[in-house]
Amino acid sequence: MTNEEKIIDVKKIVEERKETLKSKIDTLKAKNIFPKLCVIVANNEEASRSYVKNKRKVCEELGIIYEDYFLKENVTNDDILKLISSLNNDNSVHGILVQLPLFKHLNENVILEKISEKKDVDGLTINNLGKLFISNNYILPCTPKGIISILESVGETFEGKHAVIVGRSNIVGKPIAQLLLNKNCTVTICHSKTKQLEKYTKDADILVVAAGIPHMITRDMVKENSTIIDVGINRVNGKIIGDVDTESVLSVAKFVTKVPGGVGLTTVLSLAENIIELIEKE
Ligand code: GUN
């Protein structure tokens, strides 16, 4: 296999999923159901602006109505809870997403929990995350869902494989660990306090890196023939790079995702899929 062939063509995977989704959206529209997503942004992060711009672009391309609420720094928890409450009660809204992170003075747990379970397009409410833990995938967090779709698309098998996750966020690390566990992988979660990280990564058949540290994973840290999923999005000297030094690991790994043009593409598509799933579950 050439190095070129080892880089997973996520764009192609996403295009295929888009076609399936478009026909589902057309079916809904024929029944006078017009899928609608509302996104709340309460931070001043440059990266968030770019993520939500992308969400808008993909939604509009697919024919999903997209609305965003950019809130100022003086916004209170109460203001956001009221906004979510009105969106929960609005029958024209099918999905609500609170872009993370939030301004420091806001209470993320309380805010996310206010989202109706039936409109929780990110799958981050306690009920939806809890269902994941008992193997009932009601609605899956977008990045983990996208990662599984990538792994399945390249024909990865799961049973008995050692999956190592670097990063323990609620939005990626913990849910992807649980999804892989549900698929009968043996799962290890590593994080910033893990000693001798390479001891674990070197034994990973499937390595998922979501640590936010540019190029932290290098060739000497990965297993021969492994599949490596890079979730990192780091801006270094004006360039976006991942947590994995792709060029370096290519000589050892079987499959690698690249950044940009990797996991990020599937995250947005999973979001669009989740909106439609929520409507279909009604
Ligand atoms: N911040 C970065 N990625 C995401 C995402 O997928 N969902 C939310 N809610 N916040 C994010």
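Everything below is about the structure shown above.
A short tour of the structure in this document, coming up. Being a predicted model, the structure only gives us computed values, none of them experimental.

The subject of this paragraph is the overall build of the protein chain. Counting secondary structure elements, the protein chain contains eleven helices and ten strands. A principal-axis box enclosing the C-alpha atoms of the protein chain has dimensions of 50 × 45 × 40 Å. Burial status across the protein chain gives 50% buried among its 282 residues. Residue pairs in contact within the protein chain that sit at least 24 positions apart in sequence constitute 71% of those at least 6 positions apart. About 13,500 Å² of surface is accessible on the protein chain, with carbon and sulfur atoms providing 49% of the total.

What follows is about the nonpolar core. Of all hydrophobic cores here, the largest spans 51 residues; its most connected members are Leu37, Ile64, Ile147, Leu180, Val208 and Ile229. The dominant element in this core, judged by the number of residues it contributes, is helix α11 (residues 263–281), at nine residues.

This part is about unusual backbone geometry. The peptide bond linking leucine 100 to proline 101 adopts the cis configuration, its omega dihedral lying at 0°. The residue proline 101 is located in the loop between β3 (95–99) and α5 (108–114) in this model. The linkage connecting valine 259 with the following residue, proline 260, adopts the cis geometry, with an omega of -5°. Residue placement: proline 260 occurs in the loop between β10 (255–256) and α11. Even without being glycine, asparagine 32 reaches a positive phi, approximately 65°. Structurally, asparagine 32 is set in the loop between α2 (10–30) and β1 (36–41). Backbone geometry places asparagine 225, a non-glycine residue, at a positive phi of 70°. Position of asparagine 225 relative to the elements: it lies in the loop between β6 (206–209) and β7 (227–230).

To continue, consider the site of the ligand. In the neighbourhood of the ligand, the contacting residues comprise Tyr51, Lys55, Leu97, Val98, Gln99, Leu100, Asp122, Ile171 and Thr267. In the environment of the ligand, a nitrogen atom lies 3.2 Å from a nitrogen or oxygen atom belonging to the side chain of glutamine 99. Leucine 100 places a main-chain nitrogen or oxygen 2.9 Å from a nitrogen atom of the ligand. For the shell around the ligand, the elements supplying multiple residues, two or more each, are α3 (46–62) and β3. The element that contributes the greatest number of residues to the shell around the ligand is β3, accounting for three residues. Looking at side-chain class alone, the shell around the ligand contains five nonpolar, two polar and two charged residues.

On to the pattern of salt bridges. A full pass over the atoms with the stated rule returns 14 salt bridges. In this structure, glutamate 273 and arginine 17 form a salt bridge, with 2.8 Å as the shortest nitrogen-oxygen distance. Of this pair, glutamate 273 sits in helix α11 while arginine 17 is found in helix α2, placing the two residues 256 residues apart along the sequence. An identical accessibility class is assigned to glutamate 273 and arginine 17; each is buried. As a salt-bridge pair, lysine 145 and glutamate 277 come within 2.6 Å of each other at their nearest N and O atoms. Here lysine 145 is found in helix α7 (residues 142–153), whereas its partner glutamate 277 is found in helix α11, with 132 residues between them in sequence. Accessibility expressed as a relative area gives 25% for glutamate 277, which makes it partly exposed. Ionic contacts of the salt-bridge type, sharing partners, join the residues Arg17, Lys145, Glu273 and Glu277 into one network.

Its boundaries defined by the atoms lining it, the second largest pocket holds a volume of some 180 Å³. Secondary structure elements with two or more residues in the lining of the second largest pocket: α2, α3 and α11. Considered class by class, the residues forming the lining of the second largest pocket number five nonpolar, two polar and five charged.

Moving on, we come to the side chain of glutamate 156. Relative to the helices and strands, glutamate 156 resides in the loop between α7 and β4 (162–166). Classification of glutamate 156 as buried rests on a relative accessible area of 7%. Only 2.5 Å separates the side chain of glutamate 156 from the side chain of threonine 227, close enough to count as a polar contact. Residues within four places of glutamate 156 in sequence aside, it is in contact with Leu151, Lys161, Ile206, Thr227 and Lys254.

Conventions used here
- Residues numbered from 1 in each chain as written.
- Predicted model: local features only at pLDDT ≥ 70, side-chain atom pairs only at ≥ 80, totals over all residues.
- Heavy atoms only, no water.
- Helix = DSSP H or I, 4+ residues; strand = E, 2+ residues; numbered from the N terminus.
- Buried < 20%, exposed > 50% of the residue type's maximum accessible area, 1.4 Å probe, protein only.
- Contact = heavy atoms within 4.5 Å.
- Areas by Shrake-Rupley, 256 points an atom, 1.4 Å probe, with all protein chains shown as cover.
- Core = buried A, V, L, I, M, F, W, Y, C linked by side-chain atoms within 4.5 Å.
- Near = heavy atom within 4 Å.
- Polar contact = N/O pair within 3.5 Å; in protein donor to acceptor, adjacent residues only side chain to side chain.
- Nonpolar A, V, L, I, M, F, W, Y, C, P; charged D, E, K, R; others polar.
- Salt bridge = Lys/Arg side-chain N within 4 Å of Asp/Glu carboxyl O.
- 1 Å grid on protein atoms, 1.4 Å probe; cavity = no way out; pocket = protein on both sides within 12 Å on 5 of 7 lines; lining within 4 Å.
- Points joined across faces, edges and corners; volume = space filled by probe spheres on them.

No statement about biological role is implied by the geometric values presented.
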